[in-house]
Amino acid sequence: MEKHRIGITGQAGFVGNHLYMTLSLRDDVELVPFERSFFHEMDALAQFVSKCDTVVHLAAMNRHEDENVIYDTNIKLVENLVAACNKTNATPHIVFSSSSQELRDNLYGQSKKEGKQRFVDWAEESGGKFTSLTIPNVFGPFGKPNYNSVVATFCHKVAHNEEPTIINDGEVGLIYINDLVKVFIDTIYGSQEESPIGQNSYEVNIEPKHYLKVSRILELLNSFKKNYMENGIFPSLEDHFEKSLFNTFRCYIPISHYPVKYTKHTDPRGSFVEIARTQTSGQFSFSTTVPGITRGNHFHTRKAERFAVIKGKARIQLRKIGTTEVINYDLDGDEPAYVDMPIWYTHNITNTGNRELITLFWINEPYDPEDADTYFENVE
């Protein structure tokens, strides 16, 4: 099978990293690595574009004390990319990340608007294809607090017992990162509806999927903290926005929060432990594991999952996809405890004792082999 070669400028950024990780799960894609230094090395940039069938241009500056620096930087990035294509006669499909700021009177918006026009001119002259995506406010796991979005800032503050401040309780239009990534992928593969803006150029105006007041977002996050972090209760995950916000919030919970020990009720008959209380549907299961054996080594992109050790000794390991740091949690069934798995973290469980390990699992979706949302990758 011939693979579609895709390069992403800004692949280390918030949107770029999610797009890169999602595309890496596809068998029909070859990802062409990009490094920030390429924009300062024309030969390297030219080599990069010449290898790509599609270039997704996400690299941009959106914050600086001097707006002129933002404008100059973003225009220069576009100019360099066009020059690299012209140098090698490369005509990849360029997919450009624009912004609703295009319509506002600021230099960041102006840099996006003028950058788009320069790509349109390039497509007309070279015969390449260009698509501009106008993107609303985006939220999702791993966004930088005080940088990417109010959601990232509030998630970090609430999860770390800090008090968020609402400056303007207006209504915010939002799109979840997974939904945005789907639009990018549909655009790359030609299944996204586009509007022509030139002979070889198109645009997609992406509308927000959710409109909420800032105070409502904070209200939901505070409920996650009280019910989930403090009492271990999973919220309702039926509503798309609330499920997306919950999965976002979970990625800001400090590593030290886990493992969470259960309340164990003991009397002459034995003991009782409540494993999971939920406001949503899901699937319970259990496994037995002999000493020295490891289970798992997979990750999910949307599922919420709990591992509860009730007998034996275990080590649970997690590692965020695309990173090398491994998180270790040691649990003992004599003091039953659980660890919940964030999305995009590969995880496993190993029997580290000398007797049988019994683990109970809860996951918010019954297993569907046609849509398993389970991807295998070793933690170590």
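One can find the structure itself at the top, above this paragraph.
Residues numbered from 1 in each chain as written. Predicted model: local features only at pLDDT ≥ 70, side-chain atom pairs only at ≥ 80, totals over all residues. Heavy atoms only, no water.

A. Region of the structure containing the pairing of strand β7 (residues 171-176). Burial analysis of β7 places five of its six residues in the buried class, the great majority of the element. Across three bridges, the pairing between strand β6 (residues 137-139) and β7 is parallel. Within the sheet, the bridge partner assigned to V138 lies in β7 and is I175. In this view, the connection linking β6 to its parallel neighbour β7 by way of helix α5 (residues 150-159) has right-handed handedness. Sheet topology note: the β7/strand β10 (residues 210-213) ladder contains four bridges and is antiparallel. The residue bridging E171 from the neighbouring strand is K213, located in β10. (Buried < 20%, exposed > 50% of the residue type's maximum accessible area, 1.4 Å probe, protein only. Helix = DSSP H or I, 4+ residues; strand = E, 2+ residues; numbered from the N terminus. Pairing = 2+ DSSP bridges. Right-handed = clockwise from strand over helix to strand, strands pointing away.)

B. Structural detail: the layout of surface pockets. Put simply, the second largest pocket is a space of about 560 Å³. Those elements that provide at least two residues to the lining of the second largest pocket are α1 (14-23), α6 (177-188) and α8 (240-250). Take the lining of the second largest pocket: its biggest share by element is six residues, from α6. The residue makeup of the lining of the second largest pocket, split by class, is eight nonpolar, seven polar and nine charged. (1 Å grid on protein atoms, 1.4 Å probe; cavity = no way out; pocket = protein on both sides within 12 Å on 5 of 7 lines; lining within 4 Å. Points joined across faces, edges and corners; volume = space filled by probe spheres on them. Nonpolar A, V, L, I, M, F, W, Y, C, P; charged D, E, K, R; others polar.)

C. Focus on unusual backbone geometry. The step from Y258 to P259 runs through a cis peptide bond, and the omega angle for that step is -5 degrees. Residue placement: P259 occurs in the loop between α8 and β12 (260-261). Despite not being glycine, N297 shows a phi value in the positive range, around 60 degrees. Residue placement: N297 occurs in strand β17 (residues 294-299).

D. A look at α8. A large share of α8 lies buried, amounting to nine of its 11 residues. When we look at burial in α8, the residues that qualify are F241, K243, S244, L245, F246, N247, T248, F249 and R250. In this structure D239 caps α8, since a side-chain oxygen of it lies 3.1 Å from the backbone nitrogen of F241. (Polar contact = N/O pair within 3.5 Å; in protein donor to acceptor, adjacent residues only side chain to side chain.)

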